[in-house]
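# Observations on the three-dimensional arrangement
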Amino acid sequence: PPSRPPARTQKDPPNKLPKPGRGGIAGMAPWQRIYACPDVEPSERRKPAPGLILEALSDFECDAADAVMIGDTWSDIVAAHRAGCEGVLVATGYGEELGAVLAATGVSLPTTLVGCADPDDHIAPTDFLKLAKDESTASGAAAAVVEYIEGKGEAERALIWEAL
């Protein structure tokens, strides 16, 4: 897996980002704000809690239903959902491992992963993989993704299923 950027500590100045080069230009306009959580311990602002996203939504007077959170970790997606936003997981950075699993099974990206409690649930056909926690009902790419999920630790598995 990709190496993680160094963690921030409480001693870091508030404007120091964990990885040089983050921020700057989105499209061709300078970013108006960069939100970073300096909290080392879990808090309402540290993902997967939605606090930082809710703060940004408030600052920009944006309705959560009109916002999209793009991230490369499952905690990014869970934080987005908990804030009422749509979450988009990119298959780069920390999401690269899942992207490799999908590519190895012939799934072209982008695709949508849909979690469902009942494997017999019918979902309108689109570019998606229907995933059920019961691995015995999965086949092909869906089975590979469920196997990827089941290979994670308990806390990360819970985050992934919540995100889906």
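Throughout, residues of each chain are indexed from 1 in the direction in which the sequence is written. Thresholds applied to this predicted model are a pLDDT of at least 70 for local features of residues and 80 or more for the giving and counting of side-chain atom pairs; totals over whole chains, interfaces and linings are not thresholded and use all residues. For the side-chain quantities, the full set of heavy atoms in the structure was used; hydrogens and water were omitted.

## Describing the pattern of salt bridges
What counts here: Salt bridge, as used here, is a side-chain nitrogen of Lys or Arg placed within 4 Å of a carboxyl oxygen of Asp or Glu. Each helix corresponds to a stretch of at least 4 residues labelled H or I by DSSP, and each strand to a stretch of at least 2 residues labelled E; elements are numbered beginning at the N terminus. Categorising residues by exposure relies on relative accessible area from a 1.4 Å probe, with only protein chains included: less than 20% of the type maximum marks a residue as buried, more than 50% marks it as exposed, and the intermediate range marks it as partly exposed.
Summed over all chains, the structure comprises five salt bridges. Here Lys47 and Asp76 are joined by a salt bridge, their closest N and O atoms 2.4 Å apart. One end of the pair, Lys47, is in the loop between strand 2 (29-30) and helix 1 (51-59); the other, Asp76, is in helix 2 (residues 74-83), with 29 residues separating them in the sequence. By relative accessible area, which is 40% here, Lys47 ends up partly exposed.

## Here's the deal with the side chain of Thr73
Applicable threshold: Two N or O atoms count as a polar contact when they lie within 3.5 Å, although within protein this holds only if one can serve as hydrogen donor and the other as acceptor, and sequence-adjacent residues are included solely when both atoms are side-chain atoms. Only heavy atoms enter the contact rule, under which two residues are in contact if any of them lie within 4.5 Å.
Counting through the fold element by element, Thr73 comes out in the loop between strand 3 (68-71) and helix 2. According to the relative accessible area criterion, Thr73 is buried, its value standing at 15%. Here the side chain of Thr73 touches Ser75 through a polar contact of 3.1 Å, side chain to side chain. Each residue touching Thr73, except ones within four places of it in the same chain, is listed here: Leu89 and Tyr94.

## Describing helix 2
Side chains three or four residues apart in an α-helix point the same way, a direct result of the helix having 3.6 residues per turn. For helix 2, a buried count of eight out of ten residues is recorded, marking the element as mostly surrounded by other parts of the structure. Within the sequence span of helix 2, burial applies to Trp74, Ser75, Asp76, Ile77, Val78, Ala79, Ala80 and Ala83. Looking one or two residues past helix 2, Gly84 carries a phi angle of roughly 90 degrees, positive in sign.

## Regarding the packing of helix 1 against helix 2
This is how the line gets drawn: Here the axes come from fitting lines to C-alpha atoms, over the contacting stretch only for helices, and the angles between their N-to-C directions go from 0 to 180 degrees. For classification purposes, an angle smaller than 35 degrees is called roughly parallel, one larger than 145 roughly antiparallel, one from 65 to 115 roughly perpendicular, and anything else oblique. Should the near helix be turned anticlockwise from the far one by less than a right angle, the crossing is left-handed, and should it be turned clockwise, the crossing is right-handed.
Remark: helix 1 packs on helix 2, axes separated minimally by 8 Å, with the N-to-C direction vectors making an angle of 55 degrees. By the angle between their directions, the pair helix 1 and helix 2 is classed as oblique. Relative to helix 2, the crossing made by helix 1 is right-handed. Where helix 1 abuts helix 2, its residues Ile53, Leu54 and Leu57 lie against Ala79, Ala80 and Ala83.

## Topic: the state of the cysteines
Our working definition: Here, a disulfide means two cysteine sulfur atoms that sit within 2.5 Å of each other.
Applying the stated criterion across every chain, the model contains zero disulfides. Left without a disulfide partner, Cys62 is nearest to the cysteine sulfur of Cys85, which lies 7.2 Å away.

## Concerning the packing of aromatic side chains
Here the distance between the centres and the angle between the planes together describe a pair of aromatic rings. Stated formally: By convention, a stacked pair of Phe, Tyr or Trp rings (six-membered ring in the case of Trp) has centres within 6.5 Å and planes under 30 degrees apart, an edge-to-face pair has planes over 60 apart, and any other such pair is tilted. Two limits define a charge over a ring: the Lys NZ or Arg CZ must be within 6 Å of the ring centre, and within 35 degrees of the ring normal.
Enumeration over the complete set of coordinates arrives at zero aromatic pairs. Above the ring of Phe60, the side-chain terminus of Arg33 is found at 4.9 Å from the ring centroid.

## Some points on a nonpolar patch on the surface
For the record, the criterion: Patch membership requires more than 30% relative accessible area and the absence of a salt bridge. Residues of like charge join within 9 Å; the nonpolar side chains Val, Leu, Ile, Met, Phe, Trp and Tyr join within 5 Å. Note on areas: Shrake-Rupley with a 1.4 Å probe; residue coverage comes only from the protein chains shown.
On the surface, Val68, Ile70 and Val88 cluster together into a nonpolar patch covering about 270 Å² of accessible area. Residue placement: Ile70 occurs in strand 3.

## Focus on the side chain of Asp72
By secondary structure assignment, the location of Asp72 is in the loop between strand 3 and helix 2. Within polar-contact distance, the side chain of Asp72 engages the backbone nitrogen of Tyr94 at 3.1 Å. Setting aside anything within four residues of it in sequence, one finds Asp72 in contact with Leu89, Val90, Thr92, Gly93, Tyr94 and Gly95.

## Some details on the pairing of strand 4 (residues 86-89)
Basically, it comes down to this: Here, a strand pair is defined by DSSP locating no fewer than two bridges between the strands. With strands facing away from the observer, any crossover in which the path from the first strand over the helix to the second runs clockwise is taken as right-handed.
The pairing of strand 3 with strand 4 spans four bridges and is parallel. The residue of strand 4 that forms the bridge with Ile70 is Val88. Handedness of the β-α-β unit built from strand 3, helix 2 and strand 4 comes out right-handed.

## Some details on the nonpolar core
Within soluble globular proteins, side chains that are nonpolar generally end up buried alongside one another. To keep it simple, the criterion reads: Among buried residues, the Ala, Val, Leu, Ile, Met, Phe, Trp, Tyr and Cys ones that are joined through side-chain atoms within 4.5 Å form a nonpolar core.
Trp74, Leu98, Tyr148 and Ile149 are the most contacted members of the largest nonpolar core, which totals 15 residues. Within the residue set of this core, elements represented by two or more residues are helix 2, helix 3 (96-104), helix 4 (140-150) and helix 5 (154-163). In terms of nonpolar packing, the next biggest core, distinct from the first, is built from nine residues, Leu57, Ala64, Met69 and Ala79 among them.

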